[in-house]
Amino acid sequence: MDPSPLEPALAKLRTALNDAQHVVVLTGSGVSAESKIPTFRDAMEGLWKDFDPQTLATPEAFEADPGRVTRWYDWRRLKCAEAQPNPGHLALAEIQTQTLARGASFTLLTQNVDGLHQRAGSTDVVELHGSIMAWRGVDSGEPAELPEGPFESFPPTSASGEIIRPSVVWFGEMLPEEALRRSFDALERCDLFMTIGTSSVVHPAAGFVHNARANDAFIAEVNPDDTPISPLVNTTIRAKSGEALPLLLRA
Ligand code: OAD
């Protein structure tokens, strides 16, 4: 088989991956695009095509129209539940297994709320923006039971009649403290940082590359497009993650 045109960049990253003692990977919605979950900024289709996700993913939008916001999240919840992990998710899980097996550390930080990394076999995933597969009471924070299909009415309520919301982080909300602590702990040690399938515009995750640089970590980006952090990385793999990550595993 002819070598992939990505091979020179992949070879650099493979070497860094074999040498690193503390690997940190940050993923965004691009990693799930090949599982047919639209990326955050491309999310609107069908009934939702006239809406801007940034105007639905806020506490203000929920307060103004909880029915509309929860209907949108329920539509996305079901899309995520139907989706299957793609070769990019599976390769990352295998990279974690191999990295841990040679005694190095591996931390996967994700901005995704779809649970596909875990379903692909990744463990100890740090969910920076929460999970769309978990919903909770708006006031009590009590976890709610979810139907397999769509909720019957919107906004949905728990068994005790309380309105529930997805356990995702909305614009203007704090990220989960434990997820942030684990991210900064890992970044403080990291000697290899891989940023995959994220537009690198939403903070704090978009700033993690600076923490990695402060450590002199080797930095790699996997993304078919340029991002604001592209000029800061040591190697760029301009490809879809479902194509590039399995090639990384090839000896
Ligand atoms: P975006 O939709 O901003 O960016 C997706 C990125 O994935 C883009 O840079 C695409 O070029 C890239 N991409 C597309 N297809 C790809 C593929 N097959 N393989 C690899 N990369 C691909 O999504 P995020 O960066 O995840 O937060 O957005 C970050 C956060 O912004 C989201 O978690 C969400 C949003 O605000 C909250 O809701 C709090």
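What comes next is a walk through the structure.

The rules behind the values
Counting from 1, residues in each chain are numbered in the order their sequence is written. Confidence filtering applies because this is a predicted model: local features only for residues at pLDDT of at least 70, side-chain atom pairs given and counted only at 80 or more, and all residues used for totals across whole chains, interfaces and linings. Think of the side-chain values as coming from all heavy atoms in the structure, minus any hydrogens and water. The axes used here are C-alpha line fits, helices contributing only the stretch in contact, and every angle between their N-to-C directions lies in the interval 0 to 180 degrees. Every helix listed is a DSSP run of H or I at least four residues long, and every strand listed is a run of E at least two residues long, numbered separately from the N terminus. In these notes the angle categories are as follows: under 35 degrees is roughly parallel, over 145 is roughly antiparallel, 65 to 115 is roughly perpendicular, and the rest is oblique. Left-handed describes a crossing whose near helix is turned anticlockwise from the far helix through less than a right angle; right-handed describes the clockwise counterpart. Whether two residues are in contact is decided by their heavy atoms: any pair within 4.5 Å suffices. Classes in brief: Ala, Val, Leu, Ile, Met, Phe, Trp, Tyr, Cys and Pro nonpolar; Asp, Glu, Lys and Arg charged; the others, Gly included, polar. Only Phe, Tyr and Trp rings are paired, with Trp represented by its six-membered ring, and only when their centres lie within 6.5 Å; those with planes under 30 degrees apart are stacked, over 60 edge-to-face, the remainder tilted. Think of it as a cone above the ring: NZ of Lys or CZ of Arg counts as a charge over the ring if it is within 6 Å of the ring centre and within 35 degrees of the ring normal. Type-normalised accessible area, obtained with a 1.4 Å probe on protein chains alone, sets the label of each residue: buried when under 20%, exposed when over 50%, and partly exposed for intermediate values. For two strands to pair, DSSP has to find at least two bridges joining them. Helix span is expected to be 1.5 Å times the residue number reduced by one. The reported arc concerns the directions from the helix axis to the C-beta atoms and nothing else. We call a set of buried Ala, Val, Leu, Ile, Met, Phe, Trp, Tyr and Cys residues a nonpolar core when their side-chain atoms join them within 4.5 Å.

1. Re the packing of helix α1 (residues 7–19) against helix α9 (residues 241–249)
The N-to-C vectors of α1 and α9 enclose an angle of 55 degrees; their axes lie 10 Å apart at closest approach. Between α1 and α9, the angle is such that the two are oblique. Two packed elements cross with a definite hand, and for α1 against α9 that hand is right-handed. Here Leu10, Leu13, Arg14 and Leu17 of α1 come into contact with α9, specifically with Ala244, Leu247 and Leu248. Split into classes, the residues belonging to the contact of α1 with α9 amount to six nonpolar, no polar and one charged.

2. Thoughts on the packing of aromatic side chains
The tally for this structure, following the rule as stated, stands at six aromatic pairs. Ring geometry for Phe62 and Trp170: centres 5.2 Å apart, planes at 40 degrees, overall tilted. With a gap of 108 residues between them, Phe62 in helix α3 (residues 59–64) and Trp170 in the loop between β5 (164–168) and α7 (177–189) connect regions that are remote in the sequence. Put simply, the rings of Phe62, Trp72, Tyr73 and Trp170 pair up and form one aromatic cluster. Cation over ring: Arg76 sits above Trp72, and NZ or CZ is 4.9 Å from the ring centre. For Arg165, the ring lying beneath its charged end belongs to Trp170, and the centroid distance is 3.7 Å.

3. Focus on the pairing of strand β1 (residues 22–27)
Side chains on a regular strand alternate between the two faces of the sheet. Across the six residues that make up β1, a large majority, five, are buried. Bridge count between β1 and strand β2 (residues 105–110): six bridges; the pairing is parallel. Each residue of the ladder has a partner; that of Val23, found in β2, is Phe106. Of the strand pairs in this sheet, β1 and strand β6 (residues 192–196) are connected by five bridges, and their pairing is parallel. By the bridge assignment, Val24 is partnered in β6 with Phe193.

4. Thoughts on α1
Between its first and last C-alpha atoms α1 spans 18 Å; for 13 residues at 1.5 Å apiece the expected length is 18 Å, and the two agree. Every buried residue of α1 is listed here: Ala9, Leu10, Leu13, Arg14, Ala16 and Leu17. Buried residues of α1, viewed axially, fall in a sector of 165 degrees; they line one side. Along α1, the residues that are exposed and aim more than 90 degrees away from the buried face are Pro8, Asn18 and Asp19.

5. Regarding the sheet that holds β1
With parallel pairing, six strands are arranged side by side in an open sheet as β3-β2-β1-β6-β7-β8. The two strands at the open ends of the sheet, each matched to only one other strand, are β3 (126–127) and β8 (235–237). Where α9 meets the sheet, its contacts fall on β6, β7 (218–222) and β8, and the angle it forms with β6 comes to roughly 150 degrees.

6. A short note on the environment of Pro246
Along the chain, Pro246 turns up in helix α9. For Pro246, a relative accessible area of 29% puts it in the partly exposed group. If we skip the residues at most four places from it in the chain, Pro246 touches Pro87, Ala91 and Ser241.

7. Thoughts on the pairing of β5
Across the five residues of β5, five count as buried, placing the element largely inside the fold. Sheet topology places strand β4 (residues 130–137) next to β5; five bridges connect them, and they run antiparallel. Looking at the pairing, Arg136 lines up with Arg165 of β5.

8. Considerations on the nonpolar core
Judged by nonpolar contacts, the single largest core of 27 residues is most densely connected at Val25, Leu192, Met194, Ile196, Ile237, Leu245 and Leu248. Looking at this core, the elements with two or more residues in it are α1, β1, α5 (87–101), β2, β6, β7 and α9. Leaving out residues up to four positions away in the same chain, Leu248 has contacts with Leu10, Leu13, Arg14, Leu17, Ile95 and Met194. Formed by 21 residues, the second largest nonpolar core is a distinct cluster that contains Leu26, Cys190, Val209 and Ile229.

9. Re the packing of α5 against α9
Remark: α5 packs on α9, axes separated minimally by 7 Å, with the N-to-C direction vectors making an angle of 30 degrees. Classified by the interaxial angle, the pair formed by α5 and α9 is roughly parallel. α9 is crossed by α5, and the crossing has left-handed handedness. Across the interface between the two elements, Pro87, Gly88, Ala91, Leu92, Glu94, Ile95 and Gln98 from α5 touch Ser241, Gly242, Leu245, Pro246, Leu248 and Leu249 from α9. A class-by-class count of the residues in the contact of α5 with α9 yields eight nonpolar, four polar and one charged.

Read these as geometric descriptors, not functional statements.
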